[in-house]
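The primary structure of each chain is shown beneath.
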Amino acid sequence: MKTILKIVFFIGIYCFYSCIKEVTTTTILSPNQKINVSFFLSENGEPQYKITHKSKTVIDTSALGFDLKDVPSLAKNFKIIKTKTNSTDETWKMPWGEQETVRNHYNELTIELQEKNTLARKLNIVFKVYDDGVGFRYEFPKQEQLKEVIIVDENTQFQLTDDHTTWWIPGDWDIYEHLYTTSKVSEIDALSKVNHESLAQTYIPENAVNTPVTMKTADGLHISFHEAALIDYSGMTLKVDTENLLLQSELVGSERTDYKVKRTTPFTTPWRTIQITEKATELIDSKLIVNLNEPSKIADISWFTPMKYTGIWWEMHLGKSSWDKASGKHGATTENAKAFIDFSAKNNIKGVLVEGWNTGWEHWIGFEDREGVFDFITPYDDYDLHEVVRYAKEKGVEIIMHHETSAAIGTYDKQMDKAYQLMKDLEIHSVKSGYVGKIIPKGEYHHGQWMVNHYNNAAIKAAEYEVAVNAHEPIKATGLRRTYPNIISREGLRGQEFNAWAADGGNPPEHLPIVAFTRMLAGPIDYTPGIFNIKLTPYKETNQVNTTIAQQLALYVVIYSPIQMAADLIENYEGNPALQFIRDVGVDWKQTKVLNGEVGDFVTIAREERNTGNWFLGSITDENPRNLEVSLTFLEPNTTYTATIYKDGKEAHWDKNPTAIEIEHMEVTSTTKITLKLAAGGGTAISFIKK
Ligand code: NOJ
Ligand code: CA
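Student: I keep staring at the nonpolar core and nothing clicks. Help me out?
Tutor: Across soluble globular proteins, nonpolar side chains show a tendency to be buried alongside one another. Ranked by internal contacts, the top residues of the largest apolar core, which has 175 residues, are Phe127, Phe225 and Ile274. Per-domain counts for this core show at least three residues from each of domain 1 (25–291) and domain 2 (296–492). Apart from the residues lying within four places of it in its own chain, the contact partners of isoleucine 274 are Tyr49, Ile51, Ile59, Asp132, Gly133, Val134, Phe136, Phe158, Ile223, Ser224 and Phe225. Ranked by size, the runner-up nonpolar core spans 18 residues in total, among them Val630, Leu632, Ile645 and Leu676.

Below you can see the structure in the form of structure tokens.
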């Protein structure tokens, strides 16, 4: 194979017995030959790798290996027993997504290693090299010498070559709901983020970051670290050695065990991924993470279709109503649900989420003894579940189920079959689940192996009942939506809700221009955009959304999810002409074009809706106003579209004047150029409807 080079050279190293040691370097190139991965064994047989991009080192010599419980580490004394190469160029179809088809094009290298000592344990390392980065993982083959593998830690290194600018959140073992910090690698201080007063759980034991973590080099190269196909393993944080600019895997642990992962051979670890692109926008284009997952295991997924939804939700976060009935202001009443059903039906929105419908909420946040409290079958007596579902059907609307587990896993596990069966009987095909609070059993963390298995098994079981899952306080997205498309979306970041109650003033204007190049690389986000009443009056005096209203519209296009909430209260939508964009905007895309963007500054994305050929554009900026010129070359040639432009008003500003919006109509073709004028914390949303 011409793209895969194997170089063997001999270096004379005189050891005590004046023998000569052989150092073998095996190299594999990306299909376009720009990325080069070399694998070699050090003098003492330690597996190491190095990555270059256009001959420049991106990851310098980095070690690979494991510390195991009660037995010697799997780290050195290896010899190569075999290497294999392979190339793949295939295309697969997303049932829904940012695009209809995905090209999976890579060169692959498998290195089979065996220890030279009497233990003679075997370990394989597999690299897949794409034009936009590298994925590699460990394979533990079936072997007599190593049946049960108890991993105390995985020691995968990523040796950086310089003090890159980094967009990071702390390596919290319980939650990803942190603000991003922009700093040099040498300045990463995750431990300073430990006390987070708005969160019911958070644990940060090391100076480590969670992934995706994105960096920009002095030469303008973009690098993002994450993982793919996280199955029956712990989530990986990256420990930061600020002096040596070295990242090293630090798996999430458990207080109930003295190890991080327990498996039986044969098994494979998740892929460790490094997306490497010249432009920031190409990080969003990259499908490397989802490509590294197995094809779909769900034969028929036609029971779910992407949708917009409204719901009984924001009103609780504002304090207008409550989840629990004892409060005297219960939100989930039959009457309120019907009002949302009517509103959705009138406005081309298919779903309605109802939170607080089931008993147990009186004993939710702040209680230690949460097992046996929530009931996922029994509605409060002012909520007639069957009547609501009947009414919704009559109006062509679908109810979205809600299961707040309060992280009391035993209780949820026990009721799961019954709860999903109830949904199946009612023909409810999606659930929003929640995991607020410290995990019960005590000692487990949200991102450890035990919980990874819970999240995955819940989704697999849900699929048996034709239920799609949108988890909040989830495990990170790692592209498993390819294998289990019913994992439709998730939270896993500081969502819109923080704007309603966070003591620190909510998500700053730069939050989403960072999220688009970090968290969004992992997969779909249930951010819940569309807040029109930016200042949250009269409910919240000291909180607000820190964007303009036009940016709230742009988020339907910028932030990808097959479910998109129109999150505000009905009364804030009624009569506002900007609602037309939410009515029109698609949720399922044939193709996506990232037109411009820089991490933390701005991003503009255009997406073509499947089946209609209509296009939608969203552009957002941080706290800086800016003008961006875009050419509409993505539109079908020789076709006229009616463009409706929802832009920041002249004096718009995320804080001083967030609701100033102008709506303009014009006819455009693929030769038209337009200048987007974004206010501070602002945005533009455009619908292009074919004439
Ligand atoms: C946290 C979720 O992120 C939020 O959306 C939900 O309303 C509450 N938990 C209650 O389940
Ligand atoms: Ca949350």
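There's plenty left to go through after this.
Student: Explain the sheet that holds strand E6 (residues 66–68) to me, please; I cannot follow it from the model alone.
Tutor: Two strands in a sheet stick together by hydrogen bonds in their backbones, pointing the same way (parallel) or opposite ways (antiparallel). With respect to topology, 3 strands assemble into an open sheet ordered E6-E11-E19, the strand pairing being antiparallel. Unpaired on one side and paired on the other, E6 and strand E19 (261–264) mark the two borders of the sheet. Across the sheet, the mean angle from the axis of one strand to that of its neighbour is 45°, orientation sign disregarded. Alignment of E6 against strand E11 (residues 148–154), held across 3 bridges, turns out to be antiparallel. When the sheet's bridge partners are listed, phenylalanine 66 is paired in E11 with glutamate 154.

Student: Would you take a moment to explain unusual backbone geometry for this structure?
Tutor: Here the amide bond leading from threonine 265 into proline 266 is cis, since omega sits at 0°, within 30 degrees of zero. Mapped onto the fold, proline 266 is located in the loop between E19 and strand E20 (267–268). A cis amide bond links threonine 537 with the next residue in sequence, proline 538, at an omega value of 0°. By the secondary structure assignment, proline 538 is in the loop between helix H9 (511–515) and helix H10 (549–558). Phi is positive for alanine 120, close to 50°, though the residue is something other than glycine. Structurally, alanine 120 can be placed in the loop between strand E8 (101–115) and strand E9 (122–130). Positive phi is not limited to glycine here, since glutamate 427 has a value of about 60°.

Student: How should I be thinking about helix H6 (residues 409–425) in this particular structure?
Tutor: One turn of an α-helix holds 3.6 residues; hence residues three or four places apart share an orientation. Here H6 contains 17 residues, and its C-alpha end-to-end distance of 24 Å stays within 8% of the 24 Å for a straight helix at 1.5 Å per residue. The largest bend in H6 is about 55°, located at methionine 416. Those residues of H6 not exposed but buried are Ile409, Thr411, Tyr412, Gln415, Met416, Ala419, Tyr420, Leu422 and Met423. Contact partners of the buried residues in H6: helix H5 (385–394), strand E24 (398–404), strand E25 (430–434) and helix H7 (449–464). The first or second residue beyond H6 is glutamate 427, which carries a positive phi of 60°.

Student: Before we go on, may I ask you to explain the domain arrangement of the chain in this structure?
Tutor: A common measure of how large an interface is: the accessible area buried when the components associate. By the assigned domains, the chain splits into domain 1 (25–291) and domain 2 (296–492). Surface buried jointly by domain 1 and domain 2 totals about 3,100 Å² across both partners, of which 53% is contributed by carbon and sulfur atoms. Considering only the side of domain 1, the residues that lose the most area to domain 2 are Trp96, Tyr176 and Arg256, jointly responsible for 27% of the buried surface there. At the junction of domain 1 with domain 2, the criterion picks out 4 salt bridges. Glutamate 98 is the partner of arginine 481 in a salt bridge, and the nearest nitrogen-oxygen pair spans 3.0 Å. Taken together, the links from domain 1 to domain 2 amount to 25 residue pairs in polar contact (both at pLDDT 80 or more). Among the secondary structure elements, those contributing two or more residues to the side of domain 1 that touches domain 2 are strand E7 (78–93), strand E15 (208–216), strand E16 (222–228), E19 and helix H2 (288–291). Classifying every residue of the side of domain 1 that touches domain 2 gives 19 nonpolar, 10 polar and 12 charged.

Student: Looking at this model, I keep getting lost on the side chain of lysine 287. Mind explaining?
Tutor: Structurally, lysine 287 can be placed in the loop between helix H1 (280–285) and H2. Of the residues examined, lysine 287 reaches a relative accessible area of 10% and is grouped as buried.

Student: Teacher, can you tell me more about the site of ligand 1 here?
Tutor: Every one of the 14 residues lining ligand 1 counts as a neighbour, but Glu355, Glu404, Lys432, His472 and Glu497 are closest to it. Within the side chain of histidine 472, one N or O atom sits 2.8 Å away from an oxygen atom of ligand 1. A distance of 2.8 Å separates an oxygen atom of ligand 1 from a polar side-chain atom of glutamate 497. Coverage of ligand 1 by the protein amounts to 97% of the 300 Å² it exposes when considered alone. A per-class count over the shell around ligand 1 returns 5 nonpolar, 3 polar and 6 charged.

Conventions adopted
- Residues numbered from 1 in each chain as written.
- Chains lettered and ligands numbered in written order.
- Predicted model: local features only at pLDDT ≥ 70, side-chain atom pairs only at ≥ 80, totals over all residues.
- Heavy atoms only, no water.
- Core = buried A, V, L, I, M, F, W, Y, C linked by side-chain atoms within 4.5 Å.
- Buried < 20%, exposed > 50% of the residue type's maximum accessible area, 1.4 Å probe, protein only.
- Domains from an automatic or database assignment.
- Contact = heavy atoms within 4.5 Å.
- Pairing = 2+ DSSP bridges.
- Helix = DSSP H or I, 4+ residues; strand = E, 2+ residues; numbered from the N terminus.
- Axes fitted to C-alpha atoms, helices over the stretch in contact; angles between N-to-C directions.
- Expected span 1.5 Å × (residues − 1).
- Bend = angle between axes of the 7 residues up to and from the residue.
- Buried area = accessible area lost by both parts, 1.4 Å probe.
- Salt bridge = Lys/Arg side-chain N within 4 Å of Asp/Glu carboxyl O.
- Polar contact = N/O pair within 3.5 Å; in protein donor to acceptor, adjacent residues only side chain to side chain.
- Nonpolar A, V, L, I, M, F, W, Y, C, P; charged D, E, K, R; others polar.
- Near = heavy atom within 4 Å.
- Areas by Shrake-Rupley, 256 points an atom, 1.4 Å probe, with all protein chains shown as cover.

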